[in-house]
Amino acid sequence: MTDPLVSVLLLTFNRPAALARCLDSLSRQTQQNFEVVLVDVSTPPNDALNRALVKAHGDRLVLRHLLRANQGVAANRNFAAAQATATLLAFLDDDCIAQPDWLANLLEVAGRHPGALVGGAVQNGQPRSLIAQAGQLIHEAVDRHFNPDPNNASFAPGLNLAIPAAGFEALKGNDGRFGRFGAEDRDFCRRWRAGGGRIVMAPLAVVAHDHRTDLRGFLRQYYGYGRGAWIHHKQYRTATDFDPANDLDPGLDHDLNHDPIGSHLGLVRELIRSLNCQPWRQRLPLAMLLLGWELANTAGVLHGAFCEARSKMWRR
């Protein structure tokens, strides 16, 4: 067998039905010659169900199934990258269904922009759910706000991107200190661009993402993003590459890192614009869900700030 052109790094945690759909989509890719590195942090009985899924796809995919304890998305992705054998890494989540030409389009853009981090596009995999629709509106607002120029973008979500393995290794991967909170991909994109790396978007590399459809999961997810956002900005404030003079340089992610309050207000304006484009009967329930997003995210940030202040007090 020839060496794979790309290693698809896939994480799964207690979602065998979603994993089955994801693996099916990978088995239908038009791009051949790739491997799948599946890092499975599931607990019983889901780990056994996943083993059966891997066996069922064994004749359609080059697939390695790696079991380990859950150490958070950042550390789990780093572990997956360490097991990869290709020179290009493609990250995907188990609740995503990749379009048949997903991988081919990622590779095509990566070939036109050697050395760049390539971010794919995300569609709503649960269009009948208002909660999932709210999640999609948030994703699209983030994309418009941070990536007005797709050939010089600021942020690509970790559930759909490709990056040279050497570049990922040079940055020592994701920061494991994010634990089980979100925003490790924001931190990685910041460090990537601060080191001179480029982010390019690939709008034809599409995955359908199963956004949360239950209110509790929706709020818990964005609370976790808020906790992660606090860690992200704390890491930035203490980073060795921090330079206040870079506030004047939009090429180093001005909005995303240097002015978090102004950036967030800009994101809210994008969300309001998206909301005004929705059918009028859906606007009120979507507005309430987006208010829940704002409150959950803010609660996560404030909790992070409280924990840091308490830690400093105990160290005195």
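Residues numbered from 1 in each chain as written. Predicted model: local features only at pLDDT ≥ 70, side-chain atom pairs only at ≥ 80, totals over all residues. Heavy atoms only, no water.

## So, the overall build of the protein chain
Phase 1: Broken down by element type, the protein chain carries 11 helices and 8 strands.
Phase 2: Taken over C-alpha atoms, the radius of gyration comes to 19 Å for the protein chain, in line with the 20 Å a tight globule of 316 residues would show.
Phase 3: For the C-alpha atoms alone, the extent of the protein chain along its principal axes is close to 55 × 45 × 45 Å.
Phase 4: Considering the protein chain as a whole, with its 316 residues, one finds that 52% of them fall into the buried category.
Phase 5: For the protein chain, restricting intrachain contacts to residue pairs at least 6 apart in sequence, the fraction spanning at least 24 positions comes to 82%.
Phase 6: Accessible surface computed for the protein chain: about 15300 Å², of which carbon and sulfur atoms make up 59%. (Helix = DSSP H or I, 4+ residues; strand = E, 2+ residues; numbered from the N terminus. Rg over C-alpha atoms; globule rule 2.2 N^0.38 Å. Buried < 20%, exposed > 50% of the residue type's maximum accessible area, 1.4 Å probe, protein only. Contact = heavy atoms within 4.5 Å. Areas by Shrake-Rupley, 256 points an atom, 1.4 Å probe, with all protein chains shown as cover.)

## Observations concerning the nonpolar core
Phase 1: Formed by 40 residues in total, the largest nonpolar core has its most connected members in L9, L89, L117, I138, I163 and I199.
Phase 2: For this core, the leading source of residues is helix 5 (residues 130–146), giving 7 residues.
Phase 3: In this structure I199 touches L117, P150, N151, N152, A153, S154, F155, A156, C189, W192 and R193, once residues within four positions along its chain are discounted.
Phase 4: Counting residues in each nonpolar core, the second largest holds 34 residues, with C22, L63, L103 and V200 among its members. (Core = buried A, V, L, I, M, F, W, Y, C linked by side-chain atoms within 4.5 Å.)

## Some thoughts on the pattern of salt bridges
Pairing is possible between side chains of opposite charge, provided their charged atoms come close.
Phase 1: Under the defined criterion, the tally for this structure stands at 11 salt bridges.
Phase 2: A salt bridge links R77 to D93; the nearest nitrogen and oxygen atoms lie 2.9 Å apart. Here D93 lies in strand 4 (residues 88–93) and R77 lies in helix 3 (residues 73–83), a separation of 16 residues in the sequence.
Phase 3: Judged by its relative accessible area of 17%, D93 is buried. (Salt bridge = Lys/Arg side-chain N within 4 Å of Asp/Glu carboxyl O.)

## Quick word on helix 7 (residues 184–194)
Phase 1: Of all 11 residues making up helix 7, 10 are buried, and the element is well covered by its neighbours.
Phase 2: By the burial criterion, the buried members of helix 7 are E184, D185, R186, D187, F188, C189, R190, R191, W192 and R193.

## Some words on helix 11 (residues 280–315)
Phase 1: A rise of 1.5 Å per residue sets the reference length of helix 11, with its 36 residues, at 52 Å; its end C-alpha atoms lie 53 Å apart and thus fit the reference within 8%.
Phase 2: Where helix 11 is concerned, the buried positions are L286, L289, L290, G292, W293, A296, N297, G300, G304 and E308. (Expected span 1.5 Å × (residues − 1).)

## Things to note about the pairing of strand 8 (residues 199–209)
Phase 1: Most of strand 8 sits out of view: 9 of its 11 residues are buried.
Phase 2: Across 3 bridges, strand 5 (residues 96–98) lies against strand 8 in antiparallel orientation. Its bridge partner lying in strand 8, A98 is registered against V207.
Phase 3: Here strand 6 (residues 117–124) pairs with strand 8 via 8 bridges, running parallel. The residue of strand 8 that forms the bridge with V122 is V207. (Pairing = 2+ DSSP bridges.)

## Some words on the pairing of strand 2 (residues 34–40)
Phase 1: Summarising burial for strand 2: 7 of the 7 residues are buried, a large majority.
Phase 2: Where burial is concerned, the two faces of strand 2 agree: the one with F34, V36, L38 and D40 and the one with E35, V37 and V39 are both buried.
Phase 3: Relative to strand 2, strand 1 (residues 6–12) is paired through 7 bridges, and the arrangement is parallel. Bridging from a neighbouring strand, V6 pairs with F34 of strand 2.
Phase 4: Note on the crossover from strand 1 through helix 1 (residues 16–27) to strand 2: the handedness is right-handed.
Phase 5: Bridge analysis of strand 2 against strand 3 (residues 62–67) gives 6 bridges, and the strand direction is parallel. Across the sheet, V37 pairs through a bridge with R64, a residue of strand 3. (Right-handed = clockwise from strand over helix to strand, strands pointing away.)

## What about the sheet that holds strand 8?
Phase 1: Strand order in this open sheet of 8 strands is 3-2-1-4-7-6-8-5, and the pairing throughout is mixed. Only two strands of the sheet have a single neighbouring strand rather than two, namely strand 3 and strand 5. Within this sheet the neighbouring strands show an average axis-to-axis angle of 30°, counted without direction.
Phase 2: Where helix 1 meets the sheet, its contacts fall on strand 1, strand 2, strand 3, strand 4 and strand 5, and the angle it forms with strand 1 comes to roughly 170°.
Phase 3: In the packing of helix 5 onto the sheet, the strands contacted are strand 6 and strand 8, and the crossing angle to strand 6 comes to about 150°. (Axes fitted to C-alpha atoms, helices over the stretch in contact; angles between N-to-C directions.)

## Details of the confidence of the model for the protein chain
Phase 1: When pLDDT is averaged along the protein chain, the result is 89, and 91% of the positions lie at 70 or above.
Phase 2: Scored below 50 in pLDDT, residues 240–257 shows 33 contacts in the model against residues more than four places distant or in partner chains. (pLDDT = per-residue confidence, 0-100.)

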